[in-house]
Amino acid sequence: MTAPTLLVSQSGQLTQGLSAIVSAHSDGPVTTFVTDRSEDNQYYLSPATVEAVEQRCSDSDNGPVTVVVDGEMHPGQSVDLQTRLSPVTVRDKRAAVWKWLGEANPVAATCLELQQARIARRAAAAEQRDAADRGPSGTSGSVEAHDERIQELRDTLEKRRTAARQRLQTSYSSVDGRIVLLGRVSAPTTPIWAALTETTATATVGRPAQPTTATATVGPHTLAVTDTPGIPGSHGVPDWLRSAIPGLTAAIEQATCVLGVGKDCEPLLTAVVEEFDDRCRTLPSDTESAARDTLDALLETSEFAVKLPYSDAAHALVSDLHGEATVHATEYDDAIYVRVEVSQAAARDLRRRVSEVDGDVQPYNSSE
């Protein structure tokens, strides 16, 4: 029997993309209950909302219900709401997203474990107070064990975050630029990334679970292109999501340009510009060709007139240039003449390679 999920929001609307993420990892049907009420100190959900949720859960005949609260509950609220709704399983939106990402993202999985440990610690402390086993200043062995587990998870989380950031920061150091594809949960970043990088990838809602990078050739440029998880919400990247995807912040910090993919990405790019001062562009359409045209217009190049002697090494260089740069013209006369366009980052390497085969390279002047 499949377990149904009830997605509850009392802000008047659901967080954009949350329903799609919850549906992606739910065993059964997902239904929603949206109302507009203020947060309650004890349960997070207002008393009226809790009563409505209780009724909906009791009416379910499809097995135990999972309630996903579209909000950020502190551990005390999670414990009280879980106790009130038991045997219903309760998660907040952070836990729902971390659970989905955590299937392929160790940092997100640890974030979820840490949240669950804090909730379990709060429940143990509440049980201790209710039982009055110890004085007001004492702690039970159970609470101490939870404290130790929480510290272990904090240490693990910091190590995994550091490793994730370092992997992204130290890879692809020889490229001409770094491009980040960024969008909402439903944005087709993965198909565009796969087409640019000539990589096979399956488009799945809310995925990849962490930034994924491969190289792409755009004109004369070799670029590191990073696909990123879909961002739920309608503004920037929430802190709780960053904590689970440290490579995302590292990728944006290093980006030559952030390409916004899909509808509703403008507020997301605005937040990126305000925080990171990155160059951002919104794609006019969700296609590989639009991405290439946008990058062609953005990335700077230099054009050179190359003169090469007739030699095996020179012929090999001409062959390499056709594969690595944009060759506009090749003429075989008293020497080999090549008009080539390269990225500014590759200009110095071009001069060196031409010199090694006893050739000459000059900036191309179209008026000559």
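As a reminder, the structure under discussion sits directly above these lines.
This report concerns the structure included in the present document. All values reported here derive from a predicted model rather than from experimental measurement.

Re the overall build of the chain
Argument step 1. The helix and strand inventory of the chain stands at 13 helices and 13 strands.
Argument step 2. Relative to the compact-globule value of 21 Å for 368 residues, the chain shows a C-alpha radius of gyration of 27 Å, a clear excess of over 25%.
Argument step 3. For the chain, the C-alpha atoms occupy an extent of roughly 95 × 40 × 40 Å along the three principal directions.
Argument step 4. In the chain, buried positions account for 46% of the 368 residues.
Argument step 5. Taking contacts inside the chain between residues at least 6 apart in sequence as the whole, the part at least 24 apart equals 66%.
Argument step 6. Per element, the accessible surface of the chain, about 18000 Å² overall, is 44% carbon and sulfur.

Section: the sheet that holds strand 12 (residues 336–343)
Argument step 1. Spatially, four strands are ordered 11-12-10-13 in an open sheet, and the strand pairing comes out antiparallel. Of all strands in the sheet, those bounded by a partner on one side alone are strand 11 (326–332) and strand 13 (360–363). Neighbour-to-neighbour, the strand axes of this sheet turn through a mean angle of 20 degrees, independent of strand direction.
Argument step 2. Bridge count between strand 10 (residues 301–308) and strand 12: eight bridges; the pairing is antiparallel. Residue pairing for strand 12: Glu303 is matched across the bridge by Glu341.
Argument step 3. The strands that helix 12 (residues 312–324) touches are strand 10, strand 11 and strand 12; relative to strand 11, the one it contacts most, it runs at about 150 degrees.
Argument step 4. Helix-sheet contacts for helix 13 (residues 344–356) involve strand 10, strand 12 and strand 13, and the interaxial angle to strand 12 is about 150 degrees.

So, the packing of helix 12 against helix 13
Argument step 1. The contact between helix 12 and helix 13 brings their axes to 11 Å, and the two run at 165 degrees. When the interaxial angle is binned, helix 12 and helix 13 end up roughly antiparallel. Every pair of crossing elements has a handedness; the one defined by helix 12 and helix 13 is left-handed. Here Leu317, Asp320, Leu321 and Glu324 of helix 12 come into contact with helix 13, specifically with Leu350, Arg353 and Val354.

Quick look at the packing of aromatic side chains
Remark: the centre distance and the inter-plane angle together describe each pair of aromatic rings, the angle taken between the planes.
Argument step 1. Inspection of the entire model under this criterion finds two aromatic pairs.
Argument step 2. Measuring from ring centre to ring centre gives 6.4 Å for Trp98 and Trp240, while their planes differ by 75 degrees; the resulting arrangement is edge-to-face. Of the two residues, Trp98 sits in helix 4 (residues 93–101) while Trp240 sits in helix 8 (residues 239–244), which places them 142 residues apart along the sequence. Here Trp98 matches Trp240 in class, with each residue buried.
Argument step 3. Ring centres of Tyr310 and Tyr332 lie 6.4 Å apart, and the angle between their planes is 35 degrees; on these two criteria the pair is classed as tilted. Here Tyr310 is found in the loop between strand 10 and helix 12, whereas its partner Tyr332 is found in strand 11, with 22 residues between them in sequence.
Argument step 4. A relative accessible area of 48% places Tyr332 in the partly exposed class.
Argument step 5. A cation over a ring is seen here: Arg207 above Trp100, with NZ or CZ 3.9 Å from the ring centre.

Some thoughts on unusual backbone geometry
Argument step 1. A cis amide bond, omega 15 degrees, links Ser86 with the succeeding residue Pro87.
Argument step 2. As for its position among the elements, Pro87 is in the loop between helix 3 (75–85) and strand 4 (89–92).
Argument step 3. Its identity as a non-glycine residue notwithstanding, Asp358 has a phi of 65 degrees, on the positive side.
Argument step 4. Taking the relative accessible area as the measure of exposure, Asp358 reaches 67% and is therefore exposed.

Description of the nonpolar core
Argument step 1. In terms of nonpolar packing, the biggest core is built from 44 residues, with Leu182, Leu241 and Val258 touching the most fellow members.
Argument step 2. Contributions of two or more residues to this core are made by helix 1 (18–24), helix 4, helix 5 (106–131), helix 6 (141–170), strand 5 (177–183), helix 8, helix 9 (246–254) and helix 10 (266–276).
Argument step 3. One finds Ala187, Ile192, Leu283 and Ala291 within the second-largest nonpolar core, a separate group that totals 20 residues.

Thoughts on the pattern of salt bridges
Two side chains bearing opposite charge may form a pair once their charged atoms approach each other closely.
Argument step 1. By the definition in use, this model includes 14 salt bridges.
Argument step 2. Of the charged contacts in the structure, one is a salt bridge between Arg84 and Glu54, with a shortest N-O distance of 2.9 Å. One end of the pair, Arg84, is in helix 3; the other, Glu54, is in helix 2 (residues 47–59), and 30 residues separate them in sequence.
Argument step 3. Here Glu54 falls in the partly exposed class, since its relative accessible area comes to 27%.
Argument step 4. A salt bridge links Arg292 to Glu288; its shortest N-O distance comes to 2.8 Å. Of this pair, Arg292 and Glu288 both sit in helix 11 (residues 288–298), four residues apart, which is roughly one turn of that helix.
Argument step 5. Residue Glu288 is classed as partly exposed on the basis of its relative accessible area, which comes to 29%.
Argument step 6. Look at the salt bridges and you will find they share partners, linking Asp320, Asp349, Arg352, Arg353 and Glu356 into a network.

Rules and cut-offs
- Residues numbered from 1 in each chain as written.
- Predicted model: local features only at pLDDT ≥ 70, side-chain atom pairs only at ≥ 80, totals over all residues.
- Heavy atoms only, no water.
- Helix = DSSP H or I, 4+ residues; strand = E, 2+ residues; numbered from the N terminus.
- Rg over C-alpha atoms; globule rule 2.2 N^0.38 Å.
- Buried < 20%, exposed > 50% of the residue type's maximum accessible area, 1.4 Å probe, protein only.
- Contact = heavy atoms within 4.5 Å.
- Areas by Shrake-Rupley, 256 points an atom, 1.4 Å probe, with all protein chains shown as cover.
- Pairing = 2+ DSSP bridges.
- Axes fitted to C-alpha atoms, helices over the stretch in contact; angles between N-to-C directions.
- Parallel < 35°, antiparallel > 145°, perpendicular 65-115°, else oblique.
- Left-handed = near helix turned anticlockwise from the far one by under 90°.
- Phe/Tyr/Trp six-rings, centres within 6.5 Å; stacked < 30°, edge-to-face > 60°.
- Lys NZ or Arg CZ within 6 Å of the ring centre and 35° of its normal.
- Core = buried A, V, L, I, M, F, W, Y, C linked by side-chain atoms within 4.5 Å.
- Salt bridge = Lys/Arg side-chain N within 4 Å of Asp/Glu carboxyl O.

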